[in-house]
Amino acid sequence: MEQTKKEKNEFWEWTKALLIAFGLAFFIRYFLFTPIVVDGESMMPTLENGNRMIVNKIGYEVGEPDRYDIVVFHAPEQKDYIKRIIGLPGDHVAYEDDQLYINGKPQPEPYLETYKSKINEGTLTEDFTLEERTEMSVIPDGYVFVMGDNRRYSKDSRLIGVISMEEIIGSTSLIFWPPNEMGLVK
């Protein structure tokens, strides 16, 4: 009789431990951090197809995004995209001769320098203005303008328009797979 009671107690303790573990895992995955696999080459050379990253959901629940953050968002095609924030609410975005201009002022993009140096013909980013791509003079409140680092082969705000901040899942900067590429990206 005592053996049965001990077995039931042990079973209950294991059940509680597993329920707590699954509950914590659920909470962390859906409210704090989640893994994502980079699908495609639109963020090359910064991110490679197949990189596995951690998406931080915390900052985008309460705060404003920062320019150049790499974010994951729900795209119109019922798919999650990973891109870099270029323009913030109130900004006017333009490109001329491979130079980013925000509100008429040239902006550095150090993450593209290596890629630009390897181009033999033309520019990495074709000339455009926000008006030409979105028919807006500035990015409206609650929206951002995003672009992939592989500017020639990226489906981003130049094609799909500005992105609602409500669609942003979170930011990412930590690659955890493959091991030889593990670390923070800028």
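Residues numbered from 1 in each chain as written. Predicted model: local features only at pLDDT ≥ 70, side-chain atom pairs only at ≥ 80, totals over all residues. Heavy atoms only, no water.

## Notes on the pattern of salt bridges
No. 1: Counted under the stated rule, the structure contains seven salt bridges.
No. 2: A salt bridge links Asp-91 to Arg-67, with the shortest nitrogen-to-oxygen separation between them at 2.6 Å. Separated by 24 residues along the polypeptide, Asp-91 in the loop between strand S4 (80-87) and strand S5 (93-96) and Arg-67 in the loop between helix H2 (59-62) and strand S3 (70-74) bring together distant segments of the chain.
No. 3: The partly exposed category is assigned to Arg-67, whose relative accessible area is 24%.
No. 4: The salt bridge involving Arg-151 is made with Glu-109; its shortest N-O contact spans 2.9 Å. Of this pair, Arg-151 sits in the loop between strand S9 (143-147) and helix H5 (157-160) while Glu-109 sits in the loop between strand S7 (105-107) and helix H3 (113-117), and the two are 42 residues apart along the sequence.
No. 5: With relative accessibility at 2%, the residue Arg-151 sits in the buried group.
No. 6: Taken together, the shared-partner salt bridges connect Glu-126, Arg-133, Asp-156 and Arg-158 into one network. (Salt bridge = Lys/Arg side-chain N within 4 Å of Asp/Glu carboxyl O. Helix = DSSP H or I, 4+ residues; strand = E, 2+ residues; numbered from the N terminus. Buried < 20%, exposed > 50% of the residue type's maximum accessible area, 1.4 Å probe, protein only.)

## So, the pairing of strand S2 (residues 52-56)
No. 1: Residues Met-53 and Val-55 point to one face of S2 and are all buried, whereas Arg-52, Ile-54 and Asn-56, pointing to the other face, are not buried.
No. 2: Taken together, the five bridges between S2 and strand S11 (residues 168-177) define a ladder with antiparallel strand orientation. Bridging from a neighbouring strand, Asn-56 pairs with Ser-171 of S11. (Pairing = 2+ DSSP bridges.)

## Observations regarding the packing of aromatic side chains
No. 1: Tallying each qualifying case throughout the model produces four aromatic pairs.
No. 2: On the numbers, 5.9 Å between centres and 70° between planes, the contact of Phe-73 with Tyr-81 is edge-to-face. In this pair, the class of Phe-73 matches that of Tyr-81, namely buried.
No. 3: Clustering of aromatic rings is evident, with ring pairs tying together Tyr-95, Phe-128 and Phe-145.
No. 4: Its end group placed over the ring of Tyr-111, Arg-84 keeps NZ or CZ at 3.6 Å from the ring centre. (Phe/Tyr/Trp six-rings, centres within 6.5 Å; stacked < 30°, edge-to-face > 60°. Lys NZ or Arg CZ within 6 Å of the ring centre and 35° of its normal.)

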